[in-house]
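Fold and contact review
Residues per chain, in single letters:
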Amino acid sequence: MILVLTEIFHQQIKRTSLESLTLAAQLAKATGSKVKALCIGDGTPSVDLGDYGADEVVVINDSALLENDQLCDLICRTATRDNASYVILSLNSTGKSTAGLVAAKLNKGLISGVTGMNTDSGNPLFKKNVFSGKASAWYSVDQHGAVVATLPNGISPVSGQGKQTSLSTSNSECVTSKIKRLERRLQAGKTPLAEASVVVSAGRGMKDPSNWGMIEELSDILGATTACSRPVADAGWRPHHEHVGQTGLAIRPNVYVAIGISGAIQHLAGVNNSRKIIVINKDPEAPFFKAADYGVCGDLFEIVPKLNEALKNFKSKS
Amino acid sequence: MNLLVCISKTPDTTSKIAFDASGKKLLEDGVQFILNPYDEWYALVRAIELKEQFGGQVDVIHVGEASSEMIIRKALAIGADAAYRVDMTPAGSWDTASQIAAFAKTRNYDLIFLGKETIDYNGSEVGSMLAGILDLPYIAYASKLTINGQIATLESEIEGGIAVSEVNLPMVLSCAKGMAEQRIPNMMGIMNAKKKPLEVVSPTDVHQHIRLERFELPPAKSSVTMIAPDDIDKLVDIFHSDLKII
Ligand SMILES: Cc1cc2nc3c(=O)[nH]c(=O)nc-3n(C[C@H](O)[C@H](O)[C@H](O)COP(=O)(O)OP(=O)(O)OC[C@H]3O[C@@H](n4cnc5c(N)ncnc54)[C@H](O)[C@@H]3O)c2cc1C
């Protein structure tokens, strides 16, 4: 059995969970195993998880606010009962705080930040990102299986698996947590940066915080989340949670639009694994162009407003 | 307060990464090794601040070879009181976590600090494994920590926001931006560091569950396609046909 943690937030299944489930389904196919999805969160799955390869789905009641020790207990009890060889979850904040606890308790190996798998030789090999996105490493696991934490946005969810799933519910029956949650403060509205598939990011080239209107407009048109470089956050031009790079958040969106950012190595360390990078910068020598898929060399104060108008026009016509 | 900070050695972000012919070993020529920034800036400095506030002792522990002494001395120069080095080359996080756990079990630490991740393996693994082995509460990516008696109040990063939690000591935490401000060691710190104790600890036996098979460099990035700044329609078309986001 392969156990996958799937998280539901605001009644929606998290995309990162579908990524984990996709890896589990591939692994199950290669090893002739079954996939059980353990659903925690504030609802029932918003999509048919059989479509993503789950054979069995168990929805855990009262699991919206589990702490990591309670979640670890729940996962370990389920894994032990089902004799699960693998436990797969996302390396989001849940995974970062829980995966090692589970590995220690189940006495299994842990591979975190996984972006792919190869089963050609019979034994699965897992690929993960290392050296802040500058290389990857392949790992094999022993006969006991492993805890595998998938890198957010590292694997594309694959639907169309057409599995008939059995759906059941169960109570969490959790141990009391040693952690007392006082509060959870979430920014309302947009997709959190770590989960965003399109990110519009801007840097010191913006000159002044009052110029960010055009960045927010572009972001709204593209359905993106906004980010920024470190000096911009340090200067208080933008909130700290937008800061990406080595010291800030590491992200891996499908599309990263960088405007007025030079592309220093510490900035790239947090964004260089984005699937596509578009750079707008007036300096032809800006290092960011070397990491980009598309580049526009020119004045952002002319390009961005024109781009916004053109995109709006395009959208209104189609 | 009895505080332990786990420190790790990593290639500097600006280092060029290359591997030997077997693909199993990082070529260390020309690579500059540093104290992992998050261990240094956030974990170590916050531990020193707490010691300054409440008194006590800050120990640092590193699992690695003798060549790591330079980063250990740096931690002592910044203000740690004593250092321990478990003498082995860890094959992975499980090694590191198990060695630190074996060491920490015999001492009563109130708090065990780590950086949010290392900038080489980027796994955020050691902290949660360590907490798992020691059966202690664990908060990952903490950006604020205050102590009141035996109770720690923490803010930590979660997707799209922060969580505020209360935990009874002892505990393990990994530290992220906001926790503390970097401190540059001064001359006096550097001189004193040479006199501070650095004890070498023998490793315990640990079973490895996973094995590194090989490293791989990403395929060379195809060169950038430049679009003329006045050809906005082309840019719109790229957003539509290639990127498929409008
Ligand atoms: C240890 C360490 C950690 C760091 N961590 C991070 C990190 O996590 N994240 C991060 O971002 N940085 C980090 N940095 C800082 C990093 O080295 C750079 O200094 C920073 O990324 C630069 O930010 P920027 O590109 O916004 O500004 P700048 O380097 O000032 O670049 C501004 C860019 O805007 C362009 N520009 C200006 N005007 C216009 C215009 N009108 N139209 C178009 N383009 C224009 C310029 O050509 C230039 O390329 C770190 C540094 C260190 C030493």
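Before reading on, note that the structure itself is shown above.
Read on for an overview of the structure. Bear in mind that the values here come from a model prediction, so they are computed numbers and not experimental data. (Residues numbered from 1 in each chain as written. Chains lettered and ligands numbered in written order. Predicted model: local features only at pLDDT ≥ 70, side-chain atom pairs only at ≥ 80, totals over all residues. Heavy atoms only, no water.)

Bringing the overall build of chain A into the picture now. From N to C terminus, chain A includes 8 helices and 16 strands. Dimensions of chain A along its principal axes, counting C-alpha atoms only, are 60 × 45 × 40 Å. Burial status across chain A gives 59% buried among its 318 residues. The long-range share in chain A, meaning contacts at least 24 apart out of those at least 6 apart in sequence, stands at 66%. Of the roughly 12,300 Å² of accessible surface on chain A, 48% is carried by carbon and sulfur atoms. Computed over 33 positive and 29 negative side-chain charges, the separation of the two mean positions in chain A equals 3 Å. (Helix = DSSP H or I, 4+ residues; strand = E, 2+ residues; numbered from the N terminus. Buried < 20%, exposed > 50% of the residue type's maximum accessible area, 1.4 Å probe, protein only. Contact = heavy atoms within 4.5 Å. Areas by Shrake-Rupley, 256 points an atom, 1.4 Å probe, with all protein chains shown as cover. Lys, Arg positive; Asp, Glu negative; His and termini not counted. Charge placed at Lys NZ, Arg CZ, Asp CG, Glu CD.)

Secondary structure assignment for chain B yields 6 helices and 13 strands. Over its C-alpha atoms, taken along the principal directions, chain B stretches across nearly 65 × 45 × 40 Å. Here chain B holds 246 residues, and 56% of them are scored as buried. Considering only residue pairs separated by 6 or more positions, chain B has 70% of its internal contacts joining residues 24 or more positions apart. As presented, chain B carries roughly 10,700 Å² of accessible surface, and 52% of it is formed by carbon and sulfur atoms.

Before going further, it helps to spend a moment on empty space enclosed by the protein. The full count for this structure, using the stated rule, is 1 cavity of 30 Å³ or more. The calculated volume of the largest cavity comes to roughly 60 Å³. Every residue lining the largest cavity is listed: F131(A), S132(A), K134(A), P11(B), D12(B), T13(B), I17(B), I119(B) and D120(B). A class-by-class count of the residues in the lining of the largest cavity yields 4 nonpolar, 2 polar and 3 charged. (1 Å grid on protein atoms, 1.4 Å probe; cavity = no way out; pocket = protein on both sides within 12 Å on 5 of 7 lines; lining within 4 Å. Points joined across faces, edges and corners; volume = space filled by probe spheres on them. Nonpolar A, V, L, I, M, F, W, Y, C, P; charged D, E, K, R; others polar.)

Facing 78 residues of chain B, the contacting portion of chain A comprises 80 residues. Taking both sides of the interface into account, the surface hidden between chain B and chain A amounts to around 6,900 Å²; carbon and sulfur atoms contribute 60%. Here E216(B) makes a salt bridge to K127(A), at a shortest N to O gap of 3.7 Å. Where chain B meets chain A, there are 41 residue pairs in polar contact (both at pLDDT 80 or more). At the level of secondary structure, the elements contributing two or more residues to the side of chain B that touches chain A comprise α1 (37-54), α4 (126-134), β7 (138-148), β8 (151-158), β9 (161-168), β12 (210-216), β13 (225-227) and α6 (232-242) of chain B. With 8 residues, β9(B) is the largest single contributor of residues to the side of chain B that touches chain A. Tallied by class, the residues present in the side of chain B that touches chain A amount to 43 nonpolar, 19 polar and 16 charged. In the sheet, strand β11 (residues 179-186) of chain A pairs with β9(B) via 7 bridges, with the strands oriented antiparallel. Considered in β9(B), the bridge of R184(A) is made with A163(B). (Buried area = accessible area lost by both parts, 1.4 Å probe. Salt bridge = Lys/Arg side-chain N within 4 Å of Asp/Glu carboxyl O. Polar contact = N/O pair within 3.5 Å; in protein donor to acceptor, adjacent residues only side chain to side chain. Pairing = 2+ DSSP bridges.)

As a structural note, the neighbourhood of the ligand is formed by 27 residues, with S229(A), T247(A), S262(A), H267(A) and N281(A) the closest of them. The ligand sits at the junction of chains A and B, each of which supplies nearby residues. Here an oxygen atom of the ligand and a backbone polar atom of R204(A) are 2.8 Å apart. At a separation of 2.7 Å, an oxygen atom of the ligand approaches a polar backbone atom of S262(A). Relative to its free-state accessible area of 980 Å², the ligand is covered by the protein chains to the extent of 79%. Elements represented by at least two residues in the shell around the ligand include exactly α5 (230-234), α6 (265-271) and α8 (300-317) of chain A. (Near = heavy atom within 4 Å.)

This part takes up the side chain of H243(A). Mapping H243(A) onto the fold places it in the loop between α5 and β14 (255-259). A polar atom in the side chain of H243(A) sits 3.3 Å from the side chain of T247(A). There is a polar contact of 2.5 Å between the side chain of H243(A) and the side chain of K177(B). Residues in contact with H243(A), not counting those within four places in the same chain, are C228(A), R230(A), A233(A), G248(A), L249(A) and K177(B).

Within the open sheet, the 6 strands sit side by side as β13(A)-β12(A)-β14(A)-β15(A)-β16(A)-β13(B). Their pairing is parallel. Each having just a single partner strand, β13 (225-228) of chain A together with β13 of chain B make up the two edges of the open sheet. The mean angle between the axes of side-by-side strands here comes to 20 degrees, regardless of whether they run parallel or antiparallel. Here β14(A) pairs with strand β15 (residues 276-281) of chain A via 5 bridges, running parallel. Each bridged residue has a counterpart across the sheet, and for I259(A) the counterpart in β15(A) is I280(A). (Axes fitted to C-alpha atoms, helices over the stretch in contact; angles between N-to-C directions.)

We now examine the sheet that holds strand β5 (residues 82-86) of chain B. An order of β11(A)-β9(B)-β8(B)-β7(B)-β10(B)-β6(B)-β1(B)-β4(B)-β5(B)-β11(B) is seen for the 10 strands of this open sheet, with the pairing classed as mixed. Each edge of the open sheet carries a strand with a single partner, namely β11 of chain A together with β11 (198-201) of chain B. Each strand axis lies, on average, 30 degrees off the axis of its neighbour in the sheet, ignoring direction. In the sheet, β8(B) pairs with β9(B) via 8 bridges, with the strands oriented antiparallel. Considered in β9(B), the bridge of E155(B) is made with V164(B). Contacting β1 (2-6), β6 (111-115), β7 and β10 (171-175) of chain B, α4(B) crosses the sheet at an angle of about 155 degrees to β6(B).

Residue and element names in this part refer to chain A. Across the 5 residues that make up strand β9 (residues 146-150), a large majority, 5, are buried. Neither face of β9 is open: one carries A146, V148 and T150, the other V147 and A149, and all of them are buried. Bridge count for strand β5 (residues 86-90) against β9 is 4 bridges, and the pairing is parallel. From the neighbouring strand, V87 faces β9, where its bridge partner is V147. Where strand β6 (residues 109-118) lies against β9, 5 bridges are found, and the strand directions are parallel. Opposite G109, over in β9, you have A146 as the bridge partner.

Scope: geometric values only; no functional claims are made or implied.
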